[in-house]
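# Understanding the architecture of this molecule
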Amino acid sequence: MVKIITRSDTNEVASWITSFAPNSTSRLIRIEGVCGSGKTSIARQLEARGVGVHINADDFITRPAGAIPYAGCVEHDKLDAAIASADRTGKVVILDAVCSEEVAPVQRWGQGLRIYVKQLSFNTVDPIWHVGLHLEDAPPVLEPHRSVHLYHLRVLPHMKADLIVEFPEDHQPLPKARFARDRCFDPLGSVVVE
């Protein structure tokens, strides 16, 4: 069952995950979301709190000539070596990545605790999921946005996560009252944790 938490910022999210993570038996935490969703901020805060060793897949990106899919820009050998090195420390590995299952295949590294990060826009009465990702639209033409969009349609990381963490974009305040979740695109059977 997917749990969903909504907090006012990445610091509150990291604090909640810190208390949640010890209940997991996994030595890998996958933090996934679209570019700019806040996953790196959360991962850094988790590392600072002693939860584990943070690895940012974006640190292993090359800028090849031409437009290629996101996963093709990753130096997989170097990323794999970094994950293996972090794993040898005996600490939890906190992998922060777009297209996580393509850049760090589950067959090699295991599923781990899957956390999906999304931002909600509170510019209307009821919030809507991150305005930067419109999965109901045709995929963008330009890479890497196209491959990230197609990955979401194919792999559904936002539906398969163990935990979805969300916070308001642009430092908007959270409403004091409960809000409708119709446009938050929650997975079926998910539970919102207060």
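For the structure itself, look to the data block above.
Once a new chain begins, its residue numbering starts again from 1 and follows that chain's sequence as written. Restriction of local features to residues with pLDDT of at least 70 applies here, the model being predicted, together with a cutoff of 80 or more for giving and counting side-chain atom pairs; totals for whole chains, interfaces and linings are based on all residues. Side-chain numbers here rest on the full set of heavy atoms in the structure, without hydrogens or water.

With that settled, the discussion passes to the side chain of arginine 114. With respect to the helices and strands, arginine 114 occurs in strand S5 (residues 113-121). Summary of the burial criterion: residues with accessible area below 20% of their type's maximum are buried, those above 50% are exposed, and those between are partly exposed, where the area comes from a 1.4 Å probe applied to protein chains only. Relative accessible area serves as the criterion here: at 17%, arginine 114 is assigned to the buried category. Here a polar contact means two N or O atoms within 3.5 Å. Within protein one must be a hydrogen donor candidate and the other an acceptor candidate, and residues neighboring in sequence count only if both atoms are side-chain atoms. Side-chain polar atoms of arginine 114 contact the backbone oxygen of lysine 160, separated by 2.6 Å. Contacts between residues were defined by any pair of non-hydrogen atoms, one from each residue, lying within 4.5 Å. Sequence-distant contacts of arginine 114, defined by excluding residues within four places in its chain, comprise Arg30, Lys160, Ala161, Asp162 and Leu163. Here a helix means four or more residues in a row that DSSP labels H or I, a strand means two or more in a row labelled E, and each is numbered from the N terminus.

What follows is about the pattern of salt bridges. What counts as a salt bridge is simple: a side-chain nitrogen of Lys or Arg found within 4 Å of a carboxyl oxygen of Asp or Glu. One pass over the structure, following the stated rule, counts nine salt bridges. Between arginine 108 and aspartate 80 there is a salt bridge, with its nearest N and O atoms 2.9 Å apart. Within this pair, whereas arginine 108 is found in helix H5 (residues 106-109), its partner aspartate 80 is found in helix H3 (residues 76-88), the two being separated by 28 residues in sequence. Since its relative accessible area comes to 13%, aspartate 80 is described here as buried. With a closest N to O distance of 3.7 Å, glutamate 166 and lysine 118 form a salt bridge. Pair noted here: glutamate 166 is in strand S7 (residues 163-168) and lysine 118 is in strand S5, with a separation of 48 residues, a long-range link. The class of glutamate 166 is buried, set by a relative accessible area of 0%.

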